[in-house]
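# Summary of the model geometry
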Amino acid sequence: MTMAVKSSFKNMTLCLFSVCLVSSALLAAVYAVTKEPIEVANQAKTNNAIAQVVPEFEGDPVPGTIEVGGKEYSYYAVSKAGQPVGYAITSSSTGYGGALVLMVGMTADRVVYNTTVLSQSETPGLGAKCVEPDFADQFKSFNPAEKKLSVKKDGGDIDAITASTITSRAYAKAVETAIAVYDAITAAGTADVESVSGATPESVSGQPVEDENQEIK
Amino acid sequence: MGKIQLITKGFVKENPTFSLLLGMCPTLATTTSAINGMSMGLATVFVLVLSNMAISATAPYIPDKVRIPAYIVIIAAFVTILQLVMQAFTPDIYETLGLFIPLIVVNCIVLGRAEAFANKNSVVDSACDGIGIGIGFTFALTLLGLVREILGSGSAFGYKFITGDGILVFVLAPGAFMALAYLIVLFKKVTAKKGE
């Protein structure tokens, strides 16, 4: 093939400029095409996670955010027949390999219904086992009033994953945070009950949910 | 060299992993299971073929002194396209592999083929070279992933055949080096017998 052209300041600048221009134009086009499918995929993932961690509910989960201890947490309130069923709370902590992000479902009577891992970067074969039922099912129907939420090594009731105490601790910590968030949500809920304007009472008042049921029918 | 030879040479003689020892970073990092290794390999094939073709087509117009930055931009663009497309249409695979996809940009195999082959050869030949090297890489990663998965987790392609744990070290980083070393020894022995 032909040899590359001789380099001069002008053609080097021009060449890099056009390579970057074409590349970014291409990326912009792909971004525009994939933007919607990516959002749909993410939404489906979130809905899946919510359905996994809370009891059966009707209508769409109502998203909300709350600040606890200077950090903002997002959650979804779900209800059935106008009665609040529970909350799916996104909570995170630092594991062995980075952030461990969980979706924790709390029922209306302050019991952990179920948990699921949204993202983790723990060691495969060790900490990454936190997604498996052997470990994760310990948090199913976990009542913080009856059991202690920490690993057995620290005097709690959670069996740590073999050789992955840090991950197990992080998991327990994330669930603990979610319970604190739940307390904050319910506290805000009772405080706001008289002024119907608060986000939480609105979502549990039943009115929007009934409307959606009619749409489904 | 015929087109078929261009493709097959990447498999044994110039196998990027076992023979050229290139691209060790994704090789060691992603092969914790056979599926992960294979997906990483296939993702690399996609980038390798497209970037080889693009670089081969544009090489005559790129001044010599800025060729490396130009190649990197081209490769990075294809990697980002791949990332967006995977995120949109195969979210499950993206979930397990997402972390490693950006690593393809710095995979020496891709830049290595651009420098060693694509910028001197025709678009079609470069595409064949990309396919060959890519398949060789995929084969190596799948094999390494399979070995590590069998020894480390007692499963193959996700199907568990023992209860409990395997030899955990093979799933971790040191196991990657050990498994790779033994596979290279085996590969050299087999190819040496052929009289190469």
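Each remark here, short or long, concerns the structure printed above.
Presented here is a report on the structure given in the accompanying data block. It should be emphasised that the depicted structure is a prediction, and the values quoted were computed from it without experimental measurement. (Residues numbered from 1 in each chain as written. Chains lettered and ligands numbered in written order. Predicted model: local features only at pLDDT ≥ 70, side-chain atom pairs only at ≥ 80, totals over all residues.)

### What to know about the overall build of chain B
A count of helices and strands for chain B gives eight helices and two strands. Across chain B, helices and strands are ordered from the amino to the carboxyl terminus as α-α-α-α-α-α-α-β-β-α. Projected onto its principal axes, the C-alpha coordinates of chain B cover approximately 60 × 45 × 25 Å. The contacts in chain B between residues at least 6 apart in sequence include a share of 75% that link residues at least 24 apart. (Helix = DSSP H or I, 4+ residues; strand = E, 2+ residues; numbered from the N terminus. Contact = placed C-beta atoms within 7 Å.)

### A word on the interface of chain A and chain B
On the chain B side, the residues contacting the 27 residues of chain A number 32 residues. In terms of residue class, the side of chain A that touches chain B is built from 17 nonpolar, eight polar and two charged. (Nonpolar A, V, L, I, M, F, W, Y, C, P; charged D, E, K, R; others polar.)

### Digging into the nonpolar core
Val47(B), Ile74(B), Phe78(B) and Leu82(B) are the most contacted members of the largest nonpolar core, which totals 54 residues. Where this core is concerned, the elements lending two or more residues are helix H1 (9-53) of chain A together with helix H3 (34-58), helix H4 (67-89), helix H5 (91-97), helix H6 (108-116), helix H7 (123-153) and helix H8 (173-193) of chain B. Looking at this core element by element, the count peaks at twelve residues for H4(B). Core analysis: the next-biggest nonpolar cluster, separate from the first, contains 41 residues, Val104(A), Val112(A), Phe139(A) and Ala174(A) among them. (Core = buried A, V, L, I, M, F, W, Y, C linked by C-beta atoms within 7 Å. Buried ≥ 20, exposed ≤ 12 C-beta atoms within 10 Å, placed from the backbone.)

### What about the sheet that holds strand S5 (residues 112-119) of chain A?
All names here are of chain A. Strand order in the open sheet formed by five strands is S1-S2-S3-S4-S5, and the pairing between neighbours is antiparallel. Here the strands that pair on one side only, and so sit at the sheet edges, are strand S1 (58-68) and S5. Between one strand axis and the next, the sheet turns through 25° on average, direction left out of account. In the packing of H1 onto the sheet, contacts are made with S1, strand S2 (71-80), strand S3 (83-94), strand S4 (99-107) and S5, and the angle to S5 comes to roughly 155°. (Pairing = 2+ DSSP bridges. Axes fitted to C-alpha atoms, helices over the stretch in contact; angles between N-to-C directions.)

### Some points on the pairing of S3(A)
Residues and elements named next belong to chain A. Across six bridges, S2 lies against S3 in antiparallel orientation. What sits directly across from Ser79, in S3, is Pro84. Counted along the chain from S2 to the antiparallel partner S3, the turn is two residues long, and its residue Ala81 has a positive phi close to 50°. Inspection of the sheet shows S3 paired to S4 by nine bridges, in the antiparallel sense. Pairing of Ser92 across the sheet is with Val101, part of S4.

### Description of the environment of Gly105(A)
All names here are of chain A. The topology assignment puts Gly105 in strand S4. Linking Gly105 and Tyr87, residues 18 residues apart in sequence, is a C-alpha distance of 5.6 Å. Excluding residues that lie within four positions of it along the chain, Gly105 makes contacts with Val53, Val54, Gly86, Ala88, Val112, Tyr113, Asn114 and Thr115.

### Topic: the pairing of S1(A)
Strand residues, when the strand is regular, have side chains that alternate between the two faces of the sheet. Residue and element names in this part refer to chain A. By the bridge criterion, eight bridges tie S1 to S2 in an arrangement that is antiparallel. By the bridge assignment, Glu58 is partnered in S2 with Ser79. What sits between the antiparallel neighbours S1 and S2 is a turn of two residues, in which Gly69 has the positive phi angle 55°.

### What about the packing of H3(B) against H6(B)?
Residue and element names in this part refer to chain B. The contact between H3 and H6 brings their axes to 10 Å, and the two run at 30°. Regarding the angle of H3 to H6, the classification is roughly parallel. Both H3 and H6 take part in a crossing whose hand is right-handed. Of H6, the residues touching H3 (which contributes Val47, Leu48, Ser51, Asn52 and Ile55) are Ile109, Val110, Arg113 and Ala114. (Parallel < 35°, antiparallel > 145°, perpendicular 65-115°, else oblique. Left-handed = near helix turned anticlockwise from the far one by under 90°.)

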